[in-house]
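Now for the letters of each chain:
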Amino acid sequence: MERATFSKYSWIDFFFSVIGVCTFLVDWGSDVWVATEFYCRGELFWFGVVVGLMVLSSVVVQMFSWFWFKYDRQLLMFSARTEGGTVLFRDQVKLSCVLHVLQLGFLCRHISAIRQGFRVWWRKEEGSEYAVYLTHDLSMLRLIETFCESAPQLTLMIYVMLHTNKARTVQFVSIAASTTSIAWMVVDYHRSLRSFLPDKAKQGWCSSLIYFLWNLLLIAPRVMALALFASVLSGYIAAHFLMLWLIFVLWAWRQGTDFMDSVGGEWLYRATVGLIWYFSWFNVAEGQTRSRSIIYHSFITTDGGILLVTWWCYRDPVQTESYALTLLIHLLLIYLLGLLFKTLYYCCFHPKLWRPPVREPGLPDDLPDADVSFRDVSIQDGTLSSQLLNKRMACHAAHFYSEQGVNRNTDSTNRAEPSHL
């Protein structure tokens, strides 16, 4: 079977790392600006909500970062392979613990990735594998941060505008920053996962653009429906979130997720998945991808319809007369356009379309085609394989793009079937 050939660290990887940290700082700055505005105007409730989202997001991201730091230290040869390459992953447990407690671990990972990437790309030094390793972890952490903070804050800002029937500059800035953050992180995450495919499976800017568009066009109506519902029944939005979040967490548990290396870390991951599913879908476990996707989208579509119908029934007819019907029509069209772009992606840009199936000699012809194959991501005798492979993201990529996924405890490369996300 064909083995995946992972590309070396390139200027594009360095560019994404720099843009990622810039987006993080701009988004964080806009959050501070919004919180300050609310506080200065005496709107302490909204100030508390914004600060709460910032703290929650930061704590969750730091916890993931710390778990991964501890897991990686257990890999023999890891310190030797990364010596001098970072300020975070060297064997400095106390310093790393302090950085994470001070909520600086995520930022230090960004700095480490940029530093290592600069040494590899610009100075042509060794350590390309480790630079790629860092970028893979960062892409997942940025995705978690996006859906823990940017997506809820985007919903909050739209709700405040609807509730007060007016908008200030700071709110427009916050909406623009949150939207940009969501859009960029989704594309960055998609690009990181596709790097585990053979030769990146013809990944190009057009593919990333289409992927970005269908995700954005499906997430936007969801966020808007939540904000509209909250504008008429603000006391029930928390109950709505808690009910759906609990259902999603239990569903993730039933799927048998296996992303983290400890029981506590896995439940943290499932809780985070429940939050992400509240806004968007992605596959987290092997097998039955198509049926799970259909169940999820049917559930979210029904829930979104109930939210919009509730808003229509409880809205102020006079205050919303000028935009209510137009808004509903546009939300429907945006949602349909998102489905159109998603169909276009899977018809024209999905990785399985670019790689002809390659079979091992002697295999029967009636076996399912292997559209995506991965390197061995297991650790044998406490040592790393020939490449410093980020097994967390490799397994997640297998689940994301395949029906079969990668078994973390086997020594062979699994065969994978295309997913329908």
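Up top is the structure.
Predicted model, so just to flag it, every value in this text is computed and none were measured.

**Digging into the packing of aromatic side chains**
Part 1: By the definition in use, this model includes 23 aromatic pairs.
Part 2: When the ring of W46 is compared with that of Y159, the centres are 5.4 Å apart and the planes differ by 65°; the resulting orientation is edge-to-face. Taken together, the positions of W46 in helix 2 (residues 44-73) and Y159 in helix 6 (residues 128-164) put the pair 113 residues apart, joining distant regions of the chain.
Part 3: Residue classification places W46 among the buried residues on the basis of a relative accessible area of 15%.
Part 4: Ring centres of F259 and Y269 lie 4.6 Å apart, and the angle between their planes is 25°; on these two criteria the pair is classed as stacked. Of this pair, F259 sits in the loop between helix 9 (237-254) and helix 10 (263-277) while Y269 is found in helix 10, placing the two residues 10 residues apart along the sequence.
Part 5: Since its relative accessible area comes to 4%, F259 is described here as buried.
Part 6: Aromatic rings pair up to connect F248, W251, W277, W281, Y296 and F299 into one cluster.
Part 7: Above the face of the Y278 ring, R222 is positioned so that its terminal group lies 5.0 Å from the ring centre.
Part 8: One cation-aromatic arrangement involves R270 over W267; the distance from NZ or CZ to the ring centre is 4.8 Å.

**Brief notes about the side chain of T155**
Part 1: Looking at where T155 falls in the secondary structure, it is placed in helix 6.
Part 2: When residues no more than four places from it in sequence are discounted, the contact partners of T155 are V223, L226, A227 and F279.

**Quick look at the nonpolar core**
Part 1: Ranked by size, the top nonpolar core spans 82 residues in total, and within it F64, W68, M140, Y269 and W277 carry the most contacts.
Part 2: Of the residues forming this core, the biggest block, 17 residues, is contributed by helix 6.
Part 3: Membership of the second largest hydrophobic core comes to 5 residues, among which are Y9, F14, V120 and V132.

**Points about a nonpolar patch on the surface**
Part 1: Residues W312, L325, I329, L332, L333, L336 and L339 make up a contiguous nonpolar surface patch of roughly 650 Å² in combined accessible area.
Part 2: Examining the composition of the nonpolar patch, we find that 6 residues originate from one element, helix 12 (residues 324-348), more than from any other.
Part 3: With respect to the secondary-structure elements, L339 resides in helix 12.

**Some points on the packing of helix 9 against helix 11 (residues 289-314)**
Part 1: Direction vectors running N to C along helix 9 and helix 11 enclose 175°, while the axes themselves pass 14 Å from each other. Classed by the angle they form, the pair helix 9 and helix 11 counts as roughly antiparallel. On helix 11, the residues touching H240, L244, F248 and W251 of helix 9 are R292, I295, Y296, F299, I300, D303 and L307.
Part 2: The residue makeup of the contact of helix 9 with helix 11, split by class, is 8 nonpolar, 1 polar and 2 charged.

**Here we look at the pattern of salt bridges**
Part 1: Considering all chains together, one arrives at 3 salt bridges under this definition.
Part 2: One salt bridge in this structure joins R109 and D137, with 3.7 Å as the shortest N-O distance. Taken together, the residues span a long stretch of sequence, with R109 in helix 5 (residues 105-121) and D137 in helix 6 at a distance of 28 residues.
Part 3: A relative accessible area of 0% means that D137 is categorised as buried.
Part 4: In this structure, the salt-bridge partner of R222 is D303, at a minimum N-O distance of 2.6 Å. Note that R222 is positioned in helix 8 (residues 205-232) and D303 in helix 11, a separation of 81 residues in sequence.

Rules of the game
Residues numbered from 1 in each chain as written. Predicted model: local features only at pLDDT ≥ 70, side-chain atom pairs only at ≥ 80, totals over all residues. Heavy atoms only, no water. Phe/Tyr/Trp six-rings, centres within 6.5 Å; stacked < 30°, edge-to-face > 60°. Helix = DSSP H or I, 4+ residues; strand = E, 2+ residues; numbered from the N terminus. Buried < 20%, exposed > 50% of the residue type's maximum accessible area, 1.4 Å probe, protein only. Lys NZ or Arg CZ within 6 Å of the ring centre and 35° of its normal. Contact = heavy atoms within 4.5 Å. Core = buried A, V, L, I, M, F, W, Y, C linked by side-chain atoms within 4.5 Å. Patch = residues over 30% accessible without salt bridge, like charges linked within 9 Å, V, L, I, M, F, W, Y side chains within 5 Å. Areas by Shrake-Rupley, 256 points an atom, 1.4 Å probe, with all protein chains shown as cover. Salt bridge = Lys/Arg side-chain N within 4 Å of Asp/Glu carboxyl O. Axes fitted to C-alpha atoms, helices over the stretch in contact; angles between N-to-C directions. Parallel < 35°, antiparallel > 145°, perpendicular 65-115°, else oblique. Nonpolar A, V, L, I, M, F, W, Y, C, P; charged D, E, K, R; others polar.

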